[in-house]
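Breakdown of the fold
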Amino acid sequence: MTVLDRIEVRAEAAAPPGTPRNRKRHRAWDEVPRWQIYLPLGAYLLFTLIPFYWILLFALRPAGSTSLVPWPMTTAHFEKVWTERSFATYFENSVYIGVATLFLTTVVALAGGYALARFEFRLKKGFMLALLCSQFVPGALLLVPLFQIFAGLRMINSFGSVIIAETVFQLPLSMILISGFIRNVPYSLEEAAWVDGCGRFKAFRIVVLPLLRPGLVAVGSFAFVHAWNHFLFALMFLSNQEKQTIPVGLNTLMGADSVDLGALAAGGVIAAVPVVIVFAFIQKWLVTGFSAGAVKG
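These remarks concern the structure in this document.

**With respect to the overall build of the protein chain**
- Helix and strand counts for the protein chain come out as 13 helices and 0 strands.
- The helix and strand sequence of the protein chain, counted from the amino end, reads α-α-α-α-α-α-α-α-α-α-α-α-α.
- Per-residue burial over the protein chain gives 33% buried out of 297 residues.
- In the protein chain, the share of contacts with a sequence separation of at least 24, taken over all contacts with a separation of at least 6, comes to 71%.
- Working note: accessible area of the protein chain is about 18,600 Å², and carbon and sulfur atoms make up 69% of it.

**Some words on the environment of Leu 110**
- Looking at the secondary structure, you find Leu 110 in helix α4 (residues 87-118).
- Overall, Leu 110 belongs to the buried group, its relative accessible area being 14%.
- Contacts of Leu 110, omitting those with residues within four sequence positions, involve Ile 178, Ile 182, Phe 204, Leu 209, Leu 212 and Leu 216.

**Side note on the layout of surface pockets**
- In this model, the largest pocket occupies a volume close to 280 Å³.
- If you trace the largest pocket, you find 13 residues lining it, with Phe 52, Ile 55, Leu 56, Gly 268 and Val 269 closest to the centre.
- Sorting the residues of the lining of the largest pocket by element identifies α2 (35-60) and α13 (261-293) as the ones contributing at least two each.
- Looking at the lining of the largest pocket, the element that brings in the most residues is α13, giving 8 residues.
- Residue composition of the lining of the largest pocket, by class: 12 nonpolar, 1 polar and no charged.

**Regarding the pattern of salt bridges**
- Applying the stated rule across the entire model yields 2 salt bridges.
- As a salt-bridge pair, Arg 118 and Glu 190 come within 2.6 Å of each other at their nearest N and O atoms. Remark: Glu 190 occurs in helix α8 (residues 187-195) and Arg 118 occurs in helix α4; sequence separation between them is 72 residues.
- Assessed through its relative accessible area of 0%, Glu 190 is described here as buried.
- In this structure, the salt-bridge partner of Lys 124 is Glu 120, at a minimum N-O distance of 3.4 Å.
- What makes Glu 120 exposed here is its relative accessible area of 70%.

**Remarks on the packing of aromatic side chains**
- Going through the model one piece at a time under the given rule, you end up with 13 aromatic pairs.
- On the basis of an interplanar angle of 70° and a centroid distance of 5.0 Å, the ring pair of Tyr 114 and Phe 204 is categorised as edge-to-face. Highlighted residues: Tyr 114 in helix α4 and Phe 204 in helix α9 (residues 200-208), separated in sequence by 90 residues.
- Judged by relative accessible area, Tyr 114 falls into the buried class, the value being 9%.
- Judged by its relative accessible area of 11%, Phe 204 is buried.
- Considering the side-chain rings of Tyr 187 and Trp 194, the 5.6 Å spacing of their centres and the 85° angle between planes classify their relative orientation as edge-to-face.
- By relative accessible area, Tyr 187 is classed as partly exposed at 31%.
- Put simply, the rings of Phe 147, Phe 150, Phe 169, Phe 233 and Phe 237 touch in pairs and so form one group of aromatic residues.
- In this structure, Arg 61 is placed above the aromatic ring of Phe 58, and the distance from its NZ or CZ to the ring centre is 4.5 Å.

**Notes on the nonpolar core**
- Counting residues in hydrophobic clusters, the biggest one holds 19 residues, and the most contacted among them are Leu 131, Met 175, Ile 178, Ile 182, Phe 204 and Leu 212.
- Elements supplying a minimum of two residues to this core: α4, α5 (124-134), α7 (159-183) and α9.
- If one sorts the elements of this core by residue count, α7 sits on top with 7 residues.
- When residues no more than four places from it in sequence are discounted, the contact partners of Leu 212 are Leu 110, Phe 181, Ile 182, Val 185 and Phe 204.

**Regarding the side chain of Thr 245**
- Within the fold, Thr 245 resides in the loop between α11 (232-237) and α12 (246-252).
- When near neighbours in sequence (up to four residues on either side) are disregarded, Thr 245 contacts Tyr 90, Ser 94, Ile 97 and Ala 234.

**Quick word on α7**
- Taking 1.5 Å as the rise per residue, α7 with 25 residues should run 36 Å; its terminal C-alpha atoms sit 35 Å apart, in good agreement.
- The axis of α7 is deflected most strongly, by about 45°, at Leu 171, and proline Pro 172 appears within four residues downstream.
- Across the 25 residues of α7, 18 count as buried, placing the element largely inside the fold.

Here is what the cut-offs are and how they apply
Residues numbered from 1 in each chain as written. Predicted model: local features only at pLDDT ≥ 70, side-chain atom pairs only at ≥ 80, totals over all residues. Heavy atoms only, no water. Helix = DSSP H or I, 4+ residues; strand = E, 2+ residues; numbered from the N terminus. Buried < 20%, exposed > 50% of the residue type's maximum accessible area, 1.4 Å probe, protein only. Contact = heavy atoms within 4.5 Å. Areas by Shrake-Rupley, 256 points an atom, 1.4 Å probe, with all protein chains shown as cover. 1 Å grid on protein atoms, 1.4 Å probe; cavity = no way out; pocket = protein on both sides within 12 Å on 5 of 7 lines; lining within 4 Å. Points joined across faces, edges and corners; volume = space filled by probe spheres on them. Nonpolar A, V, L, I, M, F, W, Y, C, P; charged D, E, K, R; others polar. Salt bridge = Lys/Arg side-chain N within 4 Å of Asp/Glu carboxyl O. Phe/Tyr/Trp six-rings, centres within 6.5 Å; stacked < 30°, edge-to-face > 60°. Lys NZ or Arg CZ within 6 Å of the ring centre and 35° of its normal. Core = buried A, V, L, I, M, F, W, Y, C linked by side-chain atoms within 4.5 Å. Expected span 1.5 Å × (residues − 1). Bend = angle between axes of the 7 residues up to and from the residue.

Quick look at the structure:
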């Protein structure tokens with residue numbers, strides 16, 4: 001007899017008279033057939049993958065073909081957008097802006113999140129509420145004031161304007177996630193480091209920072225993907241074509257009278273592949289970071 005069986009026997013013996021005894025209790029959701037689980041998941045997966053297959057179809061099949069199978073395959077569309085449409089330059093610019101936004105957002109959010117998690121100050125709840133409310137503000141509403149600020153600082157048509165704008169847009173959510181993750185780290189660990197002679201910064205670097213790896217990966221990846229995919233800031237603040245990013249480059253492939261579907265699909269694949277690769281490698285850290293940062297310790 002297993003431990004669970006013994007517990008059930010004792011519970012049945014201690015139950016009031018007249019209580020129905022059934023040692024084999026089966027919950028309804030334990031008896032759900034597997035097809036009822038796999039069928040909705042399969043339908044959702046099919047609904048999700050069809051657009052990706054359609055993009056690959058237009059990107060790999062020859063121009064003018066109407067086949068539903070990309071055969072014979074061709075790379076002419078990729079060569080066209082990479083060389084003739086300057087997608088190599090757009091790709092390099094997007095990587096630079098994305099990595100810089102990732103680094104700046106992570107550093108600032110780490111400092112602000114630590115302050116929110118470890119210190120008490122006036123209007124702290126109001127500040128947290130303001131951070132949450134800022135998530136309801138569309139990025140389009142920030143274009144005019146940001147443009148005036150960058151114009152006054154003579155930063156229009158520079159990567160710095162886009163990087164700062166992307167960082168400002170990502171900081172509220174990033175600070176909330178980092179602060180929630182730091183709260184899950186026991187404060188006693190820092191106190192023990194202080195007793196051993198470490199200062200606050202050294203204790204944070206040695207004790208707390210290694211435990212924040214999933215949260216930092218979640219915040220950094222979120223900032224990178226948003227900067228990679230964002231269209232408005234790059235379009236408004238970068239007027240030089242040599243400094244444009246991937247989303248703006250995709251927009252140039254759509255003409256007023258016609259659209260080169262093959263080139264547009266190839267550009268979409270080029271834009272999507274780096275993000276897919278990044279998420280494939282960090283998905284474990286990403287799920288852990290978001291779940292831990294969203295729970296108050």
